[in-house]
Amino acid sequence: MTSLVFYIADVFAEAKYTGNKLAVFTNAANLSSEQMQEIAKEMNYSETTFVTSTETVSGGYDVRIFTPNQELPFAGHPTLGTAYILQKEIIQSSVKKILLNLQVGQIPVTIDDTNAAGEYLWMQQKAPTFHQILDSQTIAEVLRIQSQEIDSRFPIQAVSTGVPFIIVPLKTLESVKRIQVNKEKYFELINSMDAKCILVFCPETYKPENDLNVRVFCDYIGIPEDPATGSANGCLAGYLVQYSYFGKSEINLRVEQGYEINRPSLILLRAEQKDTTIDVNVGGKVVMVAKGEFV
């Protein structure tokens, strides 16, 4: 294997050493799937991405995404972070849109540099689909909370914008903070489901300027808790519109995640009902942390 250049970036981060860490390998065209998986396991981040075409194919760049355990068809923070690295290190010029060719399909990432708070990247996710509804007692046992801590006005449901997540509405931040996943119950639950990861959320937040607090648990793919999950929050955005959580069919929100594991993150959500579908966009900042070489 020839030497490989890689970059480390923090995604959904307001500053270095916050958000979700991502490793991006930019000259990965000659790597096998097995080599990519070995490298992702060695990096041991929630995801590592591999750019397999530095020239556009059908207008986009071919990218593969791996957790330490498996390849994913789509994931949020790797999509934004890889687009950022492509712009800064491969394209090396100001562009407004970058297309990523992922297993789930072509995902557009737009770059907004007009905000006084800094440059934000936005990805348009696939329209959400809504699947299995679960009972509150089952989920309460998995999360080691009481069923009455779950907001019964809204369903516990598997939702997908490419990767399915179980969405769980809780009433209070105190309940969110106390969650300790019962792994035996968790694996029993997901054994018969396509959705393997759980997103819990509540309308109380650590910071008053934020709208929701979120935690995401993904032990099945080797991530006990993720500090910032763009794909899961895209599912949440679709869910919030589908069930008019805020009493309207359009949202523009600030979501905090990762506070409980000391990796505070900020994820921006925009979604609206359009005819028979829901348009979902997830945004945030990316911060470059390091550049290195695998030898």
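Reference entry: report on the structure contained in this document.

Conventions and cut-offs
Residues numbered from 1 in each chain as written. Predicted model: local features only at pLDDT ≥ 70, side-chain atom pairs only at ≥ 80, totals over all residues. Heavy atoms only, no water. Helix = DSSP H or I, 4+ residues; strand = E, 2+ residues; numbered from the N terminus. Rg over C-alpha atoms; globule rule 2.2 N^0.38 Å. Buried < 20%, exposed > 50% of the residue type's maximum accessible area, 1.4 Å probe, protein only. Contact = heavy atoms within 4.5 Å. Areas by Shrake-Rupley, 256 points an atom, 1.4 Å probe, with all protein chains shown as cover. Lys, Arg positive; Asp, Glu negative; His and termini not counted. Charge placed at Lys NZ, Arg CZ, Asp CG, Glu CD. Salt bridge = Lys/Arg side-chain N within 4 Å of Asp/Glu carboxyl O. Core = buried A, V, L, I, M, F, W, Y, C linked by side-chain atoms within 4.5 Å. 1 Å grid on protein atoms, 1.4 Å probe; cavity = no way out; pocket = protein on both sides within 12 Å on 5 of 7 lines; lining within 4 Å. Points joined across faces, edges and corners; volume = space filled by probe spheres on them. Disulfide = S-S within 2.5 Å. Pairing = 2+ DSSP bridges. Arc of directions from axis to C-beta. Polar contact = N/O pair within 3.5 Å; in protein donor to acceptor, adjacent residues only side chain to side chain.

## A short note on the overall build of the protein
And step 1. Summing up its helical and strand segments, the protein has 6 helices and 18 strands in all.
And step 2. Against the compact-globule benchmark of 19 Å for 295 residues, the protein has a radius of gyration of 18 Å, which places it among compact chains.
And step 3. Over its C-alpha atoms, taken along the principal directions, the protein stretches across nearly 55 × 40 × 35 Å.
And step 4. The burial tally for the protein puts 56% of its 295 residues in the buried class.
And step 5. Sequence separation of 24 or more characterises 63% of the internal contacts of the protein that already satisfy a separation of 6 or more.
And step 6. By element, 45% of the accessible surface of the protein is carried by carbon and sulfur atoms, the whole surface being about 12,400 Å².
And step 7. Distance between charge centres in the protein, computed from 25 positive and 34 negative side chains, equals 3 Å.

## A closer look at the side chain of D151
And step 1. On the secondary structure map, D151 appears in the loop between α3 (136–143) and β10 (156–160).
And step 2. Under the relative-accessibility criterion, D151 is labelled buried at 7%.
And step 3. For D151, the contacting residues outside a window of four places in its chain are P169, L170 and K171.

## Details of the pattern of salt bridges
And step 1. Taken as a whole and judged by the stated rule, the model has 12 salt bridges.
And step 2. The salt bridge partner of R153 is D151, with a shortest N-O separation of 2.7 Å.
And step 3. Via salt bridges that share partners, E149, E174 and R178 belong to a single interconnected network.

## Description of the nonpolar core
Within soluble globular proteins, side chains that are nonpolar tend to cluster in buried spots.
And step 1. F165, I167, F201, L236 and L240 are the most contacted members of the largest nonpolar core, which totals 59 residues.
And step 2. Looking at this core element by element, the count peaks at 7 residues for helix α6 (residues 230–242).
And step 3. In this structure F165 touches Q157, A158, V159, A195, C197, V216, C218, T229, S231, A232 and C235, once residues within four positions along its chain are discounted.
And step 4. Counting residues in each nonpolar core, the second largest holds 25 residues, with A140, L170, L173 and Y186 among its members.

## Overview of the layout of surface pockets
And step 1. Of the volumes computed, that of the largest pocket is approximately 220 Å³.
And step 2. Taken together, 25 residues make up the lining of the largest pocket; nearest its centre are L72, V163, F165, C197 and I221.

## As for the state of the cysteines
And step 1. What the rule picks out here adds up to 1 disulfide.
And step 2. One disulfide bridge connects C197 with C218, the sulfur atoms lying 2.5 Å from each other. Between C197 and C218 the disulfide shows an S-S torsion of about 130°. By sign, it is right-handed. Taken together, the positions of C197 in strand β12 (residues 197–202) and C218 in strand β13 (residues 212–218) put the pair 21 residues apart, joining distant regions of the chain.
And step 3. Residue C197 is classed as buried on the basis of its relative accessible area of 5%.
And step 4. We note that C202 lacks a disulfide partner, and the nearest cysteine sulfur, in C218, lies 18 Å from it.

## Brief notes about the pairing of strand β16 (residues 265–274)
And step 1. Two strands pair when backbone bridges link them, and strand β15 (residues 250–257) and β16 are joined in this way by 8 bridges, in the antiparallel orientation. When the sheet's bridge partners are listed, I251 is paired in β16 with A271.
And step 2. Bridging between β16 and strand β17 (residues 277–284) involves 7 bridges; their strand directions are antiparallel. Within the sheet, the bridge partner assigned to E272 lies in β17 and is D279.
And step 3. Hairpin remark: β16 followed by β17, antiparallel, with 2 residues in the connecting loop; positive phi at D275, about 55°.

## A short note on α3
And step 1. The complete set of buried residues in α3 reads I139, A140, V142 and L143. What you see down the axis of α3 is that its buried residues fit within an arc of 160°, all on one side.
And step 2. As for α3, its buried residues are in contact with β9 (129–134), β10, β11 (164–169), α5 (183–190) and β12.
And step 3. Taking the backbone nitrogen of Q137 as reference, a side-chain oxygen 3.2 Å away marks D135 as the first, capping residue of α3.

## Some thoughts on unusual backbone geometry
And step 1. The phi angle at Q92 is positive, at roughly 55°, despite the residue not being glycine.
And step 2. By the secondary structure assignment, Q92 is in the loop between α2 (76–91) and β6 (97–102).
And step 3. The exposure class assigned to Q92 is exposed, which follows from its relative accessible area of 59%.
And step 4. Although it is not a glycine, R144 sits at a positive phi angle of roughly 60°.
And step 5. Residue position: R144 is located in the loop between α3 and β10.

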